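# Examining the three-dimensional arrangement
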Amino acid sequence: METLILGKLKIEKTDDSIQVYGLKDFNLIHIFECGQCFRWKKTLDDGYIGIASGKMATVYFDHDILTMKNTTIEEFVNFWFYYFDLGRDYTQIKDELSKKDLHLQRAVEFGSGIRILKQDFFETLISFIISANNNIPRIKKSVELIAMNYGEMIDLDNFTFPNSLKLKGIPCEELSLLSRAGFRCRYIEHTSNKYFNEQTDIKLLSTTSLEDARKILKEFTGVGDKVADCVLLFSGCRQDVFPTDVWVKRVMEELYFGRTASLKEINEFAKVHFGELSGFAQQYLFYYAREHRIGL
DNA sequence: ACCCAGGATCTAC
DNA sequence: GTAGATCATGGG
């Protein structure tokens, strides 16, 4: 296949890559540095390389053209289009959020090219278990170590993230030595075994009530409200969640409350104020808050 | 030496 | 049901 029209997008094949024309609301830095993913790395030539659901690709975005190496038009249509959430109209989402208040308008403008990735469920679950009481560089290191030690090698420095079949049965002592994830390794061990045995019904998570979805996820050790909401949002299950970490808490207190507020308060505010778009609002606010170091 | 980091868990009230 | 200590690890 040499060329393809997909809605407003035109996809063309070149020698060793594909190019996508007609993309809006798309910025690689916003997408990969907004805290939703841990495995995309900058390349020397201003692109990003990453592995998602076992597929590796290098991406560039220049002059409104997305260039992807190491993939095909078929794979783009069948996977990357979905992964980058390209079927969603972010212009409308941003318009709707910008109308709500001035803070959100600024945050949306600042992260105008954010797209919420539809990441592999098990990888997202493990990654955000590791995120508990941790910092982003160390989360990235532990996730990468798990891939290096238990995933499949694509080339000398790129590995897939292992599925639960690969990770089940690994004792937490070994996980601790090979991932440096500390006390969270006990959670990883339990979660890998439980997920392998039960194969969580992901479709159910997206169709049932938010309350029930959280309840299901919180049966994995190491998963509380915040991690559950992150997994639901960043694996593409649902967008009506408002993961409230220390950054989001701080930015909400500073911009919306003008005082300290409890997690429960913030969640209820988000539900009323942001509604079904809570997840998108959270991502714009998180990126804005962290890049501006609000609250520090 | 002390504090902190995309929190969750366990215990005590 | 909820405040408080505890949980590895590495960097400032």
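Bear in mind that the values here come from a model prediction, so they are computed numbers and not experimental data.

Right, let's talk about the protein's contact with DNA strand C for a bit. Around DNA strand C, the surrounding shell consists of Asn-133, Arg-138, Ser-176, Arg-180, Gly-182, Phe-183 and Arg-184. At 3.2 Å from a phosphate oxygen of DNA strand C is found a side-chain nitrogen or oxygen belonging to Ser-176. Across the surface near DNA strand C, the residue classes break down as one nonpolar, three polar and three charged.

This part is about the environment of Ile-202. Mapping Ile-202 onto the fold places it in helix H10 (residues 202-207). On the basis of relative accessibility, which here comes to 31%, the residue Ile-202 falls in the partly exposed class. Setting aside anything within four residues of it in sequence, one finds Ile-202 in contact with Phe-121, Tyr-195 and Cys-237.

A few words on the protein's contact with DNA strand B. Gly-35, Gly-222, Asp-245, Trp-247 and Phe-286 are the nearest of the 26 residues found near DNA strand B. When atoms of DNA strand B within 4 Å of the protein are sorted by moiety, sugar and phosphate together comprise 56%. One of the backbone N or O atoms of Asn-134 is found 2.9 Å from a sugar or linking oxygen in DNA strand B. The contact in question runs from a phosphate oxygen of DNA strand B to an N or O atom on the backbone of Gly-224, over 3.0 Å. Those elements that provide at least two residues to the surface near DNA strand B are helix H12 (225-234), helix H13 (246-257) and helix H15 (278-292). Looking at side-chain class alone, the surface near DNA strand B contains twelve nonpolar, ten polar and four charged residues.

Turning next to the sheet that holds strand E2 (residues 9-13). Ordered by their spatial adjacency, seven strands build an open sheet running E1-E2-E3-E7-E6-E5-E4, and the pairing between neighbours is antiparallel. Looking at which strands have only one partner, the edges of the open sheet turn out to be strand E1 (3-6) and strand E4 (41-42). In this structure, strand E3 (residues 17-21) lies alongside strand E7 (residues 65-69), joined through five bridges in antiparallel fashion. Residue Ile-18 lies in a different strand from E7, and its bridge partner there is Met-68.

Take the pattern of salt bridges next. Under the criterion given, the structure shown has 13 salt bridges. Taking the shortest distance from any N to any O, the salt bridge between Arg-238 and Asp-240 comes out at 2.8 Å. Here Arg-238 matches Asp-240 in class, with each residue buried. A cluster of three or more residues bridged by salt bridges with shared partners is formed by Asp-85, Arg-88 and Lys-118.

When two helices pack together, their arrangement is given by the angle between the helix axes and the distance between those axes. Where helix H5 (residues 121-130) contacts H12, the axes come no closer than 9 Å and their chain directions differ by 150°. Compared by their axis directions, H5 and H12 come out roughly antiparallel. Crossing hand, H5 versus H12: right-handed. Touching Phe-121, Thr-124, Leu-125, Phe-128 and Ile-129 of H5 are Lys-226, Val-227, Cys-230, Val-231 and Phe-234, all from H12.

Basis of the calculations
- Counting restarts for each chain: residues are numbered from 1 in the order of the written sequence.
- To read the labels, note that chains go from A and ligands from 1, taken in the order they are written.
- Where local features are concerned, this predicted model is filtered to residues with pLDDT of at least 70; where side-chain atom pairs are given and counted, the filter is 80 or more; whole-chain, interface and lining totals use all residues.
- Hydrogens and water molecules were not included; the side-chain quantities draw on all heavy atoms of the structure.
- What makes a residue near a molecule or strand is one non-hydrogen atom of that residue sitting within 4 Å of it.
- Counted as a polar contact is a pair of N or O atoms within 3.5 Å, where, for protein atoms, one must be capable of donating a hydrogen and the other of accepting one, and residues adjacent in sequence contribute only when both atoms are in side chains.
- Gly counts as polar in this scheme, as do all residues outside two lists: the nonpolar Ala, Val, Leu, Ile, Met, Phe, Trp, Tyr, Cys and Pro, and the charged Asp, Glu, Lys and Arg.
- Helix numbering and strand numbering both begin at the N terminus, where a helix is a DSSP run of H or I of at least 4 residues and a strand a DSSP run of E of at least 2.
- Buried, partly exposed and exposed residues are distinguished by accessible area as a fraction of the type maximum, computed with a 1.4 Å probe on protein chains only: under 20%, between the cut-offs, and over 50%, respectively.
- Pairs of residues are marked as contacts when any of their non-hydrogen atoms sit within 4.5 Å.
- Any two strands with at least two DSSP-identified bridges between them are counted as paired.
- Salt bridge criterion: a side-chain nitrogen from Lys or Arg within 4 Å of a carboxyl oxygen from Asp or Glu.
- Helix axes use the C-alpha atoms of the stretch in contact, all axes being lines fitted to C-alpha atoms, and the angles between their N-to-C directions lie in the range 0 to 180 degrees.
- Any angle that is under 35 degrees is reported as roughly parallel, and any over 145 degrees as roughly antiparallel; angles of 65 to 115 degrees are reported as roughly perpendicular and all others as oblique.
- Helix crossings fall into two classes, left-handed where the near helix is turned counterclockwise from the far one by less than a right angle and right-handed where it is turned clockwise.

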